[in-house]
Amino acid sequence: QVHLVESGGGLVQAGGSLRLSCAASGQFNTNYYMGWFRQAPGKEREFVAAVLRSGSTTRDSVKGRFTIARDNAKNTVYLQMNSLKPEDTAVYYCTGQLIEMPHYYTSSWRFWGQGTQVTVSS
């Protein structure tokens, strides 16, 4: 079993920045793919960013603003969010998976954190 714990969410004004962290523990190792999803009220959970064997990838709407990075020594993955917009408001979830898969789909990911709220005010 892998445990994922997110932190770093909060309330920020539009144009501001936040950095989310996700600490992994349990039967985790550096071979795991790691990612971030988000879910706004009344909407489906959607892919935000992931670190894959081929490199990192982000959804088009956050390109140039969000950056994903991992620190293998700390078993931690980060999501740096800059130039935040009100439409980025959501609960952000960290996720992990050991096997290669289509990373855009929530069903592809096996382990999930409890989520952290990000609220961007206009």
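Because the structure is predicted, anything quoted here is derived from the model rather than measured.

Caption draft 1: Representation of the sheet that holds strand β7 (residues 66–71) in the model. One open sheet holds the four strands; their spatial order is β1-β3-β8-β7, and the pairing between them is antiparallel. One side of each edge strand has no neighbouring strand; the edge strands of this open sheet are β1 (2–7) and β7. The average undirected angle you get between the axes of adjacent strands in this sheet is 15 degrees. As defined by bridge partners, β7 adjoins strand β8 (residues 76–81) across six bridges and the pair is classed as antiparallel. Bridged to I68 within β8 is L79.

Caption draft 2: Geometry of the state of the cysteines. In the structure shown here, the tally under the stated rule is one disulfide. Residue pairing for C22: its cysteine sulfur links by disulfide to C94, the two sulfurs lying 2.0 Å apart. Classification of the bridge connecting C22 and C94 rests on its S-S torsion, roughly -80 degrees, and on that basis the disulfide is left-handed. Here C94 lies in strand β9 (residues 90–97) and C22 lies in strand β3 (residues 18–26), a separation of 72 residues in the sequence. Like C22, the residue C94 is buried in the burial classification.

Caption draft 3: Seen up close, the packing of aromatic side chains. Evaluation of the coordinates by the stated rule reveals seven aromatic pairs. Judged by centre distance (6.4 Å) and plane angle (80 degrees), the rings of Y93 and W112 are edge-to-face. Of this pair, Y93 sits in strand β9 while W112 is found in strand β10 (residues 111–112), placing the two residues 19 residues apart along the sequence. Accessibility expressed as a relative area gives 13% for Y93, which makes it buried. By way of ring pairs, the aromatic residues F37, F47, Y93, Y104, W109 and W112 are connected into one cluster. The ring of Y93 is capped by R45, whose NZ or CZ atom sits 3.6 Å from the centre of that ring. Above the face of the W112 ring, R45 is positioned so that its terminal group lies 4.9 Å from the ring centre.

Caption draft 4: A look at the pattern of salt bridges. Throughout the structure, instances matching the rule amount to four salt bridges. Here R38 and D88 are joined by a salt bridge, their closest N and O atoms 3.0 Å apart. Taken together, the residues span a long stretch of sequence, with R38 in strand β4 (residues 33–39) and D88 in the loop between β8 and β9 at a distance of 50 residues. D88 matches R38 in its accessibility class, with the two residues each being buried. When the shortest N-O distance is used, the salt bridge between R65 and D88 registers 2.7 Å. Taken together, the residues R65 in the loop between β6 (55–58) and β7 and D88 in the loop between β8 and β9 connect sequence positions 23 residues apart.

About the cut-offs
- Residues numbered from 1 in each chain as written.
- Predicted model: local features only at pLDDT ≥ 70, side-chain atom pairs only at ≥ 80, totals over all residues.
- Heavy atoms only, no water.
- Pairing = 2+ DSSP bridges.
- Helix = DSSP H or I, 4+ residues; strand = E, 2+ residues; numbered from the N terminus.
- Axes fitted to C-alpha atoms, helices over the stretch in contact; angles between N-to-C directions.
- Disulfide = S-S within 2.5 Å.
- Buried < 20%, exposed > 50% of the residue type's maximum accessible area, 1.4 Å probe, protein only.
- Phe/Tyr/Trp six-rings, centres within 6.5 Å; stacked < 30°, edge-to-face > 60°.
- Lys NZ or Arg CZ within 6 Å of the ring centre and 35° of its normal.
- Salt bridge = Lys/Arg side-chain N within 4 Å of Asp/Glu carboxyl O.

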